[in-house]
Amino acid sequence: MSIIIDPEFQSLIPPLSADEYTQLEKNIVRDGIRDALIVWPQDDGNSILIDGHNRFQISAAHAGIRFEVKEKNFKDRDEAILWIIDNQLGKRNLQLFDRGVLELKKQSVLSKKAREISLSNLKQGVSDGQKSDARGRVDEQIGKAIGASRDTVRKIETIEKKAPESVKEQVRSGEKSINQAWLEIKEKERNHKTNNTNNSNCHIVFFERKNRNNKWNKKKQLKNKKEFYYQVLSLD
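The notes below deal with the structure included here. Quick caveat: nothing in here was measured; it's all calculated off a predicted structure.

Let's shift gears to the pairing of strand β3 (residues 47-51). In terms of burial, β3 is a largely internal element, five of the five residues being buried. Relative to β3, strand β1 (residues 3-4) runs parallel, the two being bridged by two bridges. Bridge pairing in β3 links I4 to I48. Examined bridge by bridge, strand β2 (residues 37-41) and β3 share four bridges and lie antiparallel to one another. Looking across to β3, one finds that W40 is bridged to I48.

For a regular strand, side chains alternate in direction, first toward one face of the sheet and then toward the other. In terms of burial, β2 is a largely internal element, four of the five residues being buried. Across three bridges, the pairing between β2 and strand β4 (residues 69-71) is parallel. By the bridge assignment, L37 is partnered in β4 with V69. Adjacent in sequence and paired antiparallel, β2 and β3 are bridged by five residues, among which G45 carries a positive phi angle near 95°.

Along the polypeptide, V39 turns up in strand β2. Accessibility expressed as a relative area gives 0% for V39, which makes it buried. Separated by 30 residues in sequence, V39 and V69 have C-alpha atoms that sit 6.9 Å apart. Filtering out sequence-adjacent residues up to four positions away, V39 remains in contact with I3, S47, I48, L49, I50, V69, K70, E71 and K72.

An order of β1-β3-β2-β4 is seen for the four strands of this open sheet, with the pairing classed as mixed. Since the sheet does not close on itself, it has two edges, and those belong to β1 and β4, each with one partner. The strands that helix α4 (residues 77-91) touches are β2 and β3; relative to β3, the one it contacts most, it runs at about 30°.

Take the pattern of salt bridges next. One pass over the full model with this rule turns up 17 salt bridges. Notably, a salt bridge pairs D86 with K106, separated by 2.9 Å at the nearest N-O pair. Of this pair, D86 sits in helix α4 while K106 sits in helix α5 (residues 96-123), and the two are 20 residues apart along the sequence. Its relative accessible area of 39% is what places D86 among the partly exposed residues. The network of salt bridges with common partners includes D6, E8 and R77.

Here we come to α5. The end-to-end C-alpha distance of α5 is 41 Å, a good match for the 40 Å that 28 residues give at a rise of 1.5 Å each. Listed in full, the buried residues belonging to α5 are F97, D98, G100, V101, L102, E103, L104, K106, Q107, V109, S118 and N121.

With that settled, the discussion passes to the nonpolar core. In this structure, F9, W40, I50, A80, I81 and I84 are the most contacted members of the largest nonpolar core, which totals 16 residues. Those elements giving two or more residues to this core turn out to be β2, β3, α4 and α5. Looking at this core element by element, the count peaks at five residues for α4. Each residue touching I84, except ones within four places of it in the same chain, is listed here: F9, L12, I13 and I50. Among the nonpolar cores identified, the runner-up in size contains 14 residues, and V167, V171, A181 and I185 belong to it.

Another aspect to go through is the side chain of Q107. Along the chain, Q107 turns up in helix α5. Among the residues examined, Q107 registers a relative accessible area of 14% and is labelled buried. Once residues lying within four places of it in the same chain are set aside, the contact partners of Q107 are V138, Q141 and I142.

Attention now moves to the packing of aromatic side chains. Applying the stated criterion to the full structure yields four aromatic pairs. Ring geometry for F56 against F67: centres 6.0 Å apart, planes inclined by 75°, an arrangement best described as edge-to-face. In this pair, F56 is assigned in helix α3 (residues 53-61) and F67 in the loop between α3 and β4, connecting sequence segments 11 residues apart. Taking relative accessible area as the criterion, F67 reaches 29% and is therefore assigned partly exposed. Within the aromatic cluster, the residues linked to one another by ring pairs are F9, W40, F74 and W83. Sitting over the ring of W182, K155 keeps its end group 4.8 Å from the ring centre.

Conventions we followed
- Here the residue numbering is sequential within each chain, running from 1 through the sequence in written order.
- The model is predicted, so local features are restricted to residues of pLDDT at least 70 and side-chain atom pairs to those at 80 or more, both for listing and for counting; the totals for chains, interfaces and linings are taken over all residues.
- Only hydrogens and water are removed before side-chain values are computed, so all heavy atoms of the structure are retained for them.
- To sort residues, take the accessible area from a 1.4 Å probe on protein chains only and compare it with the maximum for the residue type: under 20% means buried, over 50% means exposed, and anything in between is partly exposed.
- Numbering of helices and strands starts at the N terminus; helices are DSSP runs of H or I of at least 4 residues and strands are runs of E of at least 2.
- Whether two strands pair depends on DSSP finding at least two bridges between them.
- Only heavy atoms matter for contacts: two residues are in contact if any of them lie within 4.5 Å across the pair.
- Every axis in this analysis is a line fitted to C-alpha atoms, fitted for helices over the stretch in contact. Angles between the N-to-C directions lie between 0 and 180 degrees.
- By definition here, a salt bridge exists when the distance from a side-chain nitrogen of Lys or Arg to a carboxyl oxygen of Asp or Glu is within 4 Å.
- To estimate the expected span of a helix, count its residues, drop one, and scale the result by 1.5 Å.
- Side-chain atoms within 4.5 Å link the members of a nonpolar core, which is a set of buried Ala, Val, Leu, Ile, Met, Phe, Trp, Tyr and Cys residues.
- For Phe, Tyr and Trp, where Trp contributes only its six-membered ring, two rings pair if their centres lie within 6.5 Å, and the inter-plane angle classes them as stacked under 30 degrees, edge-to-face over 60, or tilted in between.
- By the criterion adopted, a ring carries a charge over it if an Arg CZ or a Lys NZ lies within 6 Å of its centre and within 35 degrees of its normal.

Encoded structure:
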């Protein structure tokens, strides 16, 4: 049996800091791997690693380190993803940022499964009774799960999508707050937008209104208390 690393599953594991990884490696070299690795057996005889990515990586770097393997079956990839997320949330003292990211990914999978069920019900002519059972906005639900405001959840989502990995690591370590990282992203976006506007290959030509029936009279702008209509002309 070969153990396969699935990139999507591995990405669900919040990374250890350098110090945490070093300490785990020292413990494993000294005491061995005490907890079994969890794998998902596949029809081709191989198994996908579900839990124990850091331990597996360390064992590969040190000859002679043995480990036990426990098999766990899942109906599909979504079920495996939800198990990994719940397992991480339950067994590690994660920072607020990582808890938020995991809950966002969890909600994404749950929303996808709900849409699939709803579509299946519609095709079968079954009324979707869950529509009247709304529990509020997703970000509010996540906020309750991680003990944070809806605003913080949105900031976490922005950082996860747009920040480089180095910034995420600073947030995880506490070197930078969630709000600081979010403000930096917004500042870069504003600067980028301003630069694009300044470098735009166009100019505005104003015409004093003479006749409302002029064909170019589509928009107007007040200037020196007179009405002016304008056209945007490209310089290209």
